[in-house]
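Observations on the three-dimensional arrangement
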Amino acid sequence: MGKDMSYEAVMSRNNEIMKKAVGIDYTQFEYDGIGFNYEKMMNKTGYDLNEIIKIQEEGDVGNTPVYELKNLTKIARKLAPEGKGARIFLKDEASNPSGSFKARRASVSVYHAKKNGYKGVVAATSGNYGAAVASQAVKRGLKPIIIQEVYDSTGAGQPEIIEKGRKCEAYGSEVLQLSVGPELFYTFLKVLEETDYFNASLYTPFGIAGVETLGYELAEEIREKTGKFPEKVIVTNAGGGNLTGTARGINKAGAEDTEIVAASVDLSGLHMASDKDFNRKSFTTGHTGFGIPFLTWPDRSDVPRSAARAIRYLDRYVTVTQGEVFYITEALAQIEGIERGPAGNTSLAAAFSIAQEMDEDEILVVQETEYTGAGKHPTAQLTFAKKNGIEVKRGNPRKEIPGKSIIIPDSPGKIKAQDLDVVKLKKSHIKKIIEFNKVDKLSEKDMEYIIEETNTDYEFVKDTLNEMNVEV
Amino acid sequence: MKKAKKGDYVQIHNIILEADERSENLPEETKKVPLELKVRGFLIDDEAQLNDQVTIETYIGRKIEGKLIDISPTYVIDYGEVVKELLPIGRELKKMLEGSE
């Protein structure tokens, strides 16, 4: 061997390591200029919907139930103006084998790894995905290694993340538990190089294709139950894969008019790579610290071109607070009789608010839940927050300051999803494309790519480029 | 001193990057501490005590070296304490529902 294993040396081998570990030559999708052929990438390396359904049936994944949340709908209608208050439905993804929708993503990656002769799979994750990869890997006789950011420099970790690590190990995975820092990626690369295992990245076409069944199923299930497709679907958003796959699946079901709403927990002001901030947040995923950077620059992921491109599919993006999500988690248990994990309820908190803007005969679907248990539970997480000096109180959630306070709404009427400026986010994405590629002039082909990528039109892109003094 | 025998389930610790080897673009508080790793597995050495340099075999059979930091490590997680800010929510909502019947 004698390979240089220093940080710089391993990071500089990123491309060659990834090519082997994912088995995709991404250069074949690149256009001349700044863009790449997204649909070609999805078609060539992905599987079609019927193949995915079969793979997932083999892995006991999917076909999760849809529940109508009648009591939460009643409360929403009491708070809404006359005639407002959409019917709220929930797709219970917690009933997948590993307790979250991530089983869908893992199932395809693990299947693909097995088919291509890999002996094991490696995933970097905050936990739900790790559990999913481990769970699917044991079913197919592959060896899972999960790499997880767990502790701060004092050795303390969030109860939620400790529980997720436990779950990965419960399925027979090797779990590499790291302290805070983005150099987790260095450990990830080293492990791929040492083992020649498959990179079960969250961001390959396999992972995203695995989520398409979620969108497809929910569109079909709602049509069966109510006679029509839902007006809106709300998706908890972090790296963008949940939203991308769900939206693509909804389109494949023919529900082209369904509006896709992203929702994240507002963690503004907290630095995701900070040893100090790490244990001052109560959400380790589904938050703006991943949601916004991945929306405006999807290719920050662990593959050259991410298949998770929420920017292409979202119609609207809202945030809710940690306190609002804890409130709705308690409400879901207390009046719907469904106890599920807090982070997955981010979209439910947003849905409760957005339903009040919609007409009574309209339908709103919350597209996931996740499992709950010791550690991964509002009482465990709020106890931990208090011990870390976070003020927890009831009141107006708009006054919550991430890292300093968690404000549980003192009435359900105070749950109010806050809109982010999607136009601004799209402009920010265009700006990042220009900065990354260091160009001051774009071809017509480049323009086409940006229009498609941002789901906008020629005028919008041209105006944005003009603001940046970039010629077309 | 606690001792572990071959085959015991243990936890080891490693420094992956010393503070001065870490990535450039980090917040100050992260840059001044090392990047650490903890892994659990089964002890390969015949016998060891805490702080010894040992080798373990993980669940999937990989061998990893490191400093022994725990023998029979458990996961300390629970439901925390009663959170009085959450307790009233159920009854408040049920009262609202009664009014709507």
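Residues numbered from 1 in each chain as written. Chains lettered and ligands numbered in written order. Predicted model: local features only at pLDDT ≥ 70, side-chain atom pairs only at ≥ 80, totals over all residues.

Attention shifts here to the overall build of chain B. Assigned secondary structure in chain B consists of two helices and six strands. In terms of overall dimensions, chain B is more spread out than a globule: its C-alpha atoms have a radius of gyration of 23 Å, far above the 13 Å expected for 101 residues. When the backbone C-alpha atoms are referred to their principal axes, chain B occupies close to 70 × 40 × 30 Å. Here chain B holds 101 residues, and the buried ones make up 27% of them. Long-range contacts, defined here as pairs at least 24 residues apart, represent 52% of the contacts in chain B between residues at least 6 apart. (Helix = DSSP H or I, 4+ residues; strand = E, 2+ residues; numbered from the N terminus. Rg over C-alpha atoms; globule rule 2.2 N^0.38 Å. Buried ≥ 20, exposed ≤ 12 C-beta atoms within 10 Å, placed from the backbone. Contact = placed C-beta atoms within 7 Å.)

We now examine the sheet that holds strand β10 (residues 363-366) of chain A. All names here are of chain A. Here we have seven strands laid out as an open sheet, ordered β1-β2-β10-β7-β8-β9-β13, and mixed in their pairing. On the outer flanks of this sheet lie β1 (66-68) and β13 (418-419), each paired with one strand and no other. The strands touched by helix α14 (residues 346-354) within the sheet are β2 (87-91), β7 (232-236), β8 (259-265), β9 (316-320) and β10, with β7 carrying the most contacts at an inclination of about 145°. (Pairing = 2+ DSSP bridges. Axes fitted to C-alpha atoms, helices over the stretch in contact; angles between N-to-C directions.)

Turning to the environment of Pro230(A), a few remarks are in order. Mapped onto the fold, Pro230(A) is located in the loop between α10 (205-226) and β7. Beyond its immediate stretch of four places on either side in the chain, Pro230(A) contacts Ile222(A), Thr258(A), Ile363(A), Leu364(A) and Val365(A).

A few words on the domain arrangement of chain A. All names here are of chain A. Segmenting chain A into domains produces domain 1 (7-55 + 100-204), domain 2 (61-98 + 206-419) and domain 3 (429-467). Computed over C-alpha atoms, the centres of domain 1 and domain 3 are 31 Å apart. Taken together, the four residues of domain 1 in the interface contact seven residues of domain 3. (Domains from an automatic or database assignment.)

Our next topic: the interface of chain A and chain B. The interface is formed by 52 residues belonging to chain A together with 36 residues belonging to chain B. Mapped by element, the contributors of at least two residues to the side of chain A that touches chain B are α5 (70-79), β4 (143-151), α8 (159-170), β5 (174-179), α13 (322-336), α15 (378-387) and β11 (391-395) of chain A. For the side of chain A that touches chain B, the residue count by class is 23 nonpolar, 16 polar and 13 charged. Across two bridges, the pairing between β5(A) and strand β3 (residues 35-43) of chain B is antiparallel. Counted as the bridge partner of Gln177(A) is Lys38(B) from β3(B). (Nonpolar A, V, L, I, M, F, W, Y, C, P; charged D, E, K, R; others polar.)

Residue and element names in this part refer to chain A. Core analysis: the largest hydrophobic core is formed by 138 residues, its most contacted members being Val121 and Val133. Among the elements that take part in this core, α10 stands out by supplying nine residues, more than any other. When residues of this core are assigned to domains, at least three map to each of domain 1 (7-55 + 100-204) and domain 2 (61-98 + 206-419). Beyond its immediate sequence surroundings of up to four residues, valine 121 is in contact with Ser109, Val110, Ala113, Val133, Ala137, Leu142, Pro144, Tyr197, Phe198 and Ala200. (Core = buried A, V, L, I, M, F, W, Y, C linked by C-beta atoms within 7 Å.)

Residues and elements named next belong to chain A. Counting buried positions along β4 yields nine of nine residues, so the element is predominantly enclosed. Both strand β3 (residues 120-124) and β4 contribute to a ladder of five bridges, which runs parallel. Across the sheet, the residue bridging to alanine 124 is isoleucine 147, located in β4. Considered for its hand, the β-α-β crossover made up of β3, helix α7 (residues 128-140) and β4 is right-handed. For the segment spanning β4, α8 and β5, crossover handedness is right-handed. (Right-handed = clockwise from strand over helix to strand, strands pointing away.)

This next bit is on helix α16 (residues 422-437) of chain A. All names here are of chain A. Here α16 is 16 residues long and its end C-alpha atoms lie 23 Å apart, about the 22 Å a rise of 1.5 Å per residue gives. Listed as buried for α16 are Lys426, Lys427, His429, Ile430, Ile433 and Ile434. Projected down its long axis, α16 carries its buried residues within an arc of 155°, all on one side. Exposed side of α16, more than 90 degrees from the buried face: Lys424, Glu435 and Phe436 are the residues found there. Against α12 (288-296), α17 (444-454) and α18 (458-467) lie the buried residues of α16. Of the residues trailing α16, lysine 438 is marked for its positive phi of about 50°. (Expected span 1.5 Å × (residues − 1). Arc of directions from axis to C-beta.)

Residue and element names in this part refer to chain A. Along the chain, valine 211 falls in helix α10. In this structure, the C-alpha to C-alpha distance between valine 211 and threonine 329, residues 118 residues apart in sequence, is 24 Å. In this structure, valine 211 is in contact with Phe101, Arg104, Arg105, Gly241, Asn242, Gly245, Thr246 and Gly249, ignoring residues within four places of it in sequence.

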